[in-house]
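# Coordinate inspection notes
Chain by chain, the residues run as shown.
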Amino acid sequence: MRPSCKGACRNQNIHYIPVYSHEPEALLNASLTGNMEFLQWDCHEVARWIESLGFPQYKACFTENFVTGRKLIYVNCIYLPRLGITDFKDMQVISAAVRELLGITETLWSRSIADPPRDSVGLYLELKSRTGVQADRLTYQQFLDGSRQ
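The sections below set out a description of the structure shown in this document. What you see is a predicted model; the values in this text were computed from it and never measured.

Bringing the overall build of the chain into the picture now. The number of helices and strands found in the chain is eight helices and two strands. Start at the N end of the chain and walk to the C end: the helices and strands fall as β-α-α-α-α-α-β-α-α-α. Looking at the chain as a whole, 40% of its 149 residues are labelled buried. Looking at the chain alone, contacts between residues at least 24 apart form 70% of all its contacts between residues at least 6 apart. A total of about 8,800 Å² of accessible surface is found on the chain, and carbon and sulfur atoms cover 54% of it.

Below, the structure is given as structure tokens:
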């Protein structure tokens, strides 16, 4: 039986920038076809998605910490304990499901800081994680066009 998150959730806002490796073509296709609905999810929809993965005990962890679809880019094994999720197997499953939903792959642990900057998909998802009119209107194609100038 998995431990309950109730009472274990910490109400912390997530303010960090993780490093990811991405598949830009997949995101561009998803952006163009409108398959990025997760960016519009509120924290309750994220919690329902977590429940659908088989983790109803962690719904409160996501709602109490206001993790919206835009903030899913920041959900990984490093930061799940800050939300109150400490079972390592559960953390692995949730992180893998988030990566699959976002269409990203896990960064190699041996990535050097001397490597070139991350690809455009990660930077785009981080911009979309913000709130406001500018972030709401930004499409992946607009982001690519602006970064080439």
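Residues F62 and I94 are the most contacted members of the largest nonpolar core, which totals 30 residues. Mapped by element, the contributors of at least two residues to this core are α2 (43-52), α3 (59-64), α4 (80-83), α5 (88-102), α6 (120-128) and α8 (140-147). Considering each element in turn, this core owes the most residues, five residues, to α5. If sequence neighbours within four positions are ignored, F62 has contacts with C43, V46, I50, V67, V75, L80, L83, I85 and I94.

Parameters at a glance
- Residues numbered from 1 in each chain as written.
- Predicted model: local features only at pLDDT ≥ 70, side-chain atom pairs only at ≥ 80, totals over all residues.
- Heavy atoms only, no water.
- Helix = DSSP H or I, 4+ residues; strand = E, 2+ residues; numbered from the N terminus.
- Buried < 20%, exposed > 50% of the residue type's maximum accessible area, 1.4 Å probe, protein only.
- Contact = heavy atoms within 4.5 Å.
- Areas by Shrake-Rupley, 256 points an atom, 1.4 Å probe, with all protein chains shown as cover.
- Core = buried A, V, L, I, M, F, W, Y, C linked by side-chain atoms within 4.5 Å.

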